[in-house]
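Fold and contact review
Single-letter residue listing:
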Amino acid sequence: MAVPLLLLPLALLPTAAEAAPATEAEMQLYTRIGAVNVCIARAAGVEFDKAVAIAGETIAQVLQGVHTGKIQQVGNQTLTLEDLRRGSVNSAVIGAVELCPKQVPPDVVKRVEAAIKQGAGASPAPGPAAPAPAAPR
């Protein structure tokens, strides 16, 4: 009985021909979910790097599985899973800084704030997620 229920979500995924690129609203939702997961994991004592890696992987897998690696803001380009992972981790880190800065290492908070401040006057570069600081520690 449980096996058919576990397979139901797979049956609901769009086929490659039907998959639409992730919209800006969907990207904001996925980023928010990833950031909330980082905050929850950190509050439970999970190491920061592990928390953002799991959140980033979750976002990347959703983008790959539901949107076949396409994001509206990037254009018609299909992103590799590695590109999706990098951008998704960065998005989760930026979101966590906004939602739960006390759960983020201070040096990471500083790098994110500096990157946001630096990017405030410039138009964002295309990519799978918001521009981000150096990789989290």
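Use the structure listed above.
Rules used throughout
Residues numbered from 1 in each chain as written. Predicted model: local features only at pLDDT ≥ 70, side-chain atom pairs only at ≥ 80, totals over all residues. Heavy atoms only, no water. Helix = DSSP H or I, 4+ residues; strand = E, 2+ residues; numbered from the N terminus. Buried < 20%, exposed > 50% of the residue type's maximum accessible area, 1.4 Å probe, protein only. Core = buried A, V, L, I, M, F, W, Y, C linked by side-chain atoms within 4.5 Å. Patch = residues over 30% accessible without salt bridge, like charges linked within 9 Å, V, L, I, M, F, W, Y side chains within 5 Å. Areas by Shrake-Rupley, 256 points an atom, 1.4 Å probe, with all protein chains shown as cover. Salt bridge = Lys/Arg side-chain N within 4 Å of Asp/Glu carboxyl O. Disulfide = S-S within 2.5 Å.

1. As for the overall build of the protein chain
- Regarding its fold elements, the protein chain presents five helices and zero strands.
- Beginning at the N terminus, the succession of helices and strands in the protein chain can be written as α-α-α-α-α.
- Taking all 137 residues of the protein chain together, 32% fall into the buried category.

2. Considering the nonpolar core
- Within the largest apolar cluster, 18 residues are counted, with the highest numbers of intra-cluster contacts made by Val38, Phe48, Val52, Val93, Val104, Val108 and Val112.
- At the level of secondary structure, the elements contributing two or more residues to this core comprise helix 2 (24–43), helix 3 (48–67), helix 4 (81–99) and helix 5 (106–119).
- Of the residues forming this core, the biggest block, six residues, is contributed by helix 4.

3. Notes on a nonpolar patch on the surface
- Taken together, the side chains of Val36, Ile40 and Leu99 define a hydrophobic patch exposed on the protein surface, amounting to about 230 Å² of accessible area.
- For Leu99, the position within the fold is in helix 4.

4. Regarding the state of the cysteines
- Considering all chains together, one arrives at one disulfide under this definition.
- What pairs with Cys39 in a disulfide is Cys100, and their sulfur atoms sit 2.0 Å apart. Around the S-S axis, the bridge from Cys39 to Cys100 shows a dihedral of about -90° and counts as left-handed. Taken together, the residues Cys39 in helix 2 and Cys100 in the loop between helix 4 and helix 5 connect sequence positions 61 residues apart. This pair shows no difference in class: Cys39 is buried, exactly as Cys100 is.

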